[in-house]
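What follows is the residue order along each chain.
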Amino acid sequence: MKRNIALTIAGSDSGGGAGIQADLKTFQELGVYGMSAITAVTAQNTLGVEAVYPIPLDAIEKQIDAVATDIGTDAVKTGMLFDSNIIELVAAKITKYKWDNVVVDPVMIAKGGASLLQREAIAALKHQLIPLATVITPNIPEAEELTGFSIHTMEEKKEAARTLHSFGVKHVIMKGGHGEGNDLVDLLYDGNDFFTLESKRLNTKNTHGTGCTFAAAMAAALAKGMSVHKSFEIAKRFVYLAIKYDLNIGKGHGPTNHWAYAEHGTSKESRGK
Ligand SMILES: Nc1ncnc2c1ncn2[C@@H]1O[C@H](COP(=O)(O)OP(=O)(O)O)[C@@H](O)[C@H]1O
Ligand SMILES: Cc1ncc(COP(=O)(O)OP(=O)(O)O)c(N)n1
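Each value, and the rule that gives it
Residues numbered from 1 in each chain as written. Chains lettered and ligands numbered in written order. Predicted model: local features only at pLDDT ≥ 70, side-chain atom pairs only at ≥ 80, totals over all residues. Near = placed C-beta within 6 Å. Helix = DSSP H or I, 4+ residues; strand = E, 2+ residues; numbered from the N terminus. Nonpolar A, V, L, I, M, F, W, Y, C, P; charged D, E, K, R; others polar. UniProt positions renumbered as here; feature names shortened; annotations may be inferred. Contact = placed C-beta atoms within 7 Å. Core = buried A, V, L, I, M, F, W, Y, C linked by C-beta atoms within 7 Å. Buried ≥ 20, exposed ≤ 12 C-beta atoms within 10 Å, placed from the backbone. Arc of directions from axis to C-beta. Axes fitted to C-alpha atoms, helices over the stretch in contact; angles between N-to-C directions. Parallel < 35°, antiparallel > 145°, perpendicular 65-115°, else oblique. Left-handed = near helix turned anticlockwise from the far one by under 90°. Expected span 1.5 Å × (residues − 1). Pairing = 2+ DSSP bridges.

**Brief notes about the site of ligand 1**
Lining the immediate environment of ligand 1, one finds 18 residues, of which Asn139, Lys175, Gly177, Leu202 and Gly211 sit closest. If you list the elements that add at least two residues to the shell around ligand 1, you get strand 8 (183–189), helix 7 (210–223) and helix 8 (228–244). In terms of residues, the shell around ligand 1 owes the most to one element, helix 8, which gives four residues. Here the residues of the shell around ligand 1 sort into six nonpolar, eight polar and four charged.

**Overview of the site of ligand 2**
Around ligand 2 there are 19 residues in total, and Gly11, Ala18, Gly19, Lys111 and Gly211 lie nearest to it. Elements supplying a minimum of two residues to the shell around ligand 2: strand 1 (5–13), strand 2 (33–45) and helix 7. Here the element with the most residues in the shell around ligand 2 is strand 1; it accounts for four residues. Its residues assigned to classes, the shell around ligand 2 comprises seven nonpolar, ten polar and two charged.

**Observations concerning the UniProt feature "domain: Pyridoxamine kinase/Phosphomethylpyrimidine kinase" (unreviewed entry) in the chain**
The positions that UniProt labels "domain: Pyridoxamine kinase/Phosphomethylpyrimidine kinase" (unreviewed entry) are, in the present scheme, residues 13–257. Along residues 13–257, the helical share is 40% and the strand share 20%, with 15 Å between the first and last C-alpha atoms.

**Some details on the environment of Val239**
Relative to the elements of secondary structure, Val239 occurs in helix 8. Between the C-alpha atoms of Val239 and Asp74, which are 165 residues apart in sequence, the distance is 21 Å. Not counting the four nearest positions on each side in its chain, Val239 is found in contact with Thr210, Thr213, Phe214, Ala217 and Thr256.

**With respect to the nonpolar core**
The biggest cluster of nonpolar side chains holds 79 residues, and the ones touching the most others in it are Val103, Leu129, Ala133, Ala217, Met218, Ala219 and Ala220. The dominant element in this core, judged by the number of residues it contributes, is helix 7, at eleven residues.

**Focus: helix 5 (residues 140–147)**
Residue pairs three or four apart in sequence face the same way in an α-helix, which turns once every 3.6 residues. Within helix 5, the full set of buried residues consists of Ile140, Glu142, Ala143, Leu146 and Thr147. The buried residues of helix 5 all sit within an arc of 160 degrees when viewed along its axis, so they share a single face. Elements that come into contact with the buried residues of helix 5 comprise helix 4 (122–129), helix 6 (154–165) and strand 7 (171–174). In the segment just after helix 5, Gly148 is the residue with positive phi, at about 85 degrees.

**Side note on unusual backbone geometry**
Not every positive phi belongs to a glycine, and Phe82 is a case in point at roughly 70 degrees. Among the structural elements, Phe82 can be located in the loop between strand 4 (75–78) and helix 3 (84–96). Residues other than glycine seldom take positive phi values, yet Lys98 does so here, at roughly 55 degrees. Relative to the helices and strands, Lys98 is located in the loop between helix 3 and strand 5 (102–104).

**Regarding the packing of helix 7 against helix 8**
Close contact between helix 7 and helix 8 brings their axes to 8 Å; oriented N to C, the two are set at 140 degrees. In terms of their interaxial angle, helix 7 and helix 8 are classed as oblique. Helix 8 is crossed by helix 7, and the crossing has right-handed handedness. Contact with helix 7, carried on its side by Thr210, Thr213, Phe214, Ala217, Met218, Ala221 and Leu222, involves Lys230, Ser231, Phe232, Ile234, Ala235, Phe238, Val239, Ala242 and Ile243 of helix 8 and no other residues of that element. In the contact of helix 7 with helix 8, the residues fall into twelve nonpolar, three polar and one charged.

**Notes on helix 2 (residues 57–70)**
The end-to-end C-alpha distance of helix 2, which contains 14 residues, comes to 20 Å, matching closely the 20 Å that a straight helix rising 1.5 Å per residue would cover. Just downstream of helix 2 lies Gly72, where phi reads positive at about 75 degrees.

**Here's the deal with the sheet that holds strand 7**
By way of backbone hydrogen bonds, the strands of a sheet pair with one another, either parallel or antiparallel. Taken in spatial order, the nine strands of this open sheet run 3-2-1-4-5-6-7-8-9, and their pairing is mixed. The two strands at the open ends of the sheet, each matched to only one other strand, are strand 3 (48–54) and strand 9 (194–200). Across six bridges, the pairing between strand 2 and strand 3 is antiparallel. Bridge pairing in strand 3 links Thr42 to Val52.

What follows is the structure, encoded as structure tokens:
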């Protein structure tokens, strides 16, 4: 049986809810063979990030080259990239290996407030990596940082999506988890039209790793040959169910449930409107 392949270039979360661990679990659950290039090791659990250890640049390069020269990939997802040197390296490798289906999750700050991207790296993210992406998946604070303006209303979300699209990326998905109110809207912009996917806000503290899981599900669906729009639907549903059937793990913000899509994905009740 043919298996499609996806590569995640991201940080390790020792607690298993976000980063490389969330990505590989998501790939597996969506039937995609997962590979990884680790950019940083974090000592992290549901209470927060205790320490960050960036991986030497040549070790990141060797991980990427090792999988690229032998195995190849159908999609790439980037997460925590930590500094501008790592971003420049990743951009150069995407160009060198002519990868498409590139999902860039512009990870900046963990939910507990820990910085996962140096401030000096924001320019490299904007000008070197984002233009190579098929889709970027910022949350509201990340979109505010990248565009330089604050975002509260739907019109401001649309304006931010237009601004981010002008950086050269093909599609922008503005995630709505940080918005206000009970109705939660994720917005896709393809350069011409806007598409929204809505859900009720689930009342849980266990949302650690939602952004990583969403972007990894996008990458997995793209790796399987689906369109960006179809991948958006799958990613939204995958993360919604992962939050709805959350796991009671740890004393803080627990991880989402990566089994939920397989276990509950077909029931009407789980469709969550
Ligand atoms: N409480 C919630 N209930 C339902 N969906 C949520 C909730 N929080 C986040 N999501 C969904 O999870 C995904 C990630 O959203 P967001 O929280 O904005 O990103 P991040 O985890 O990067 O901060 C989005 O699809 C969003 O709609
Ligand atoms: C190693 C690592 N990478 C990324 C994140 C951020 O993940 P995210 O999905 O945005 O979830 P929260 O941190 O907001 O819960 C991370 N924490 N660690």
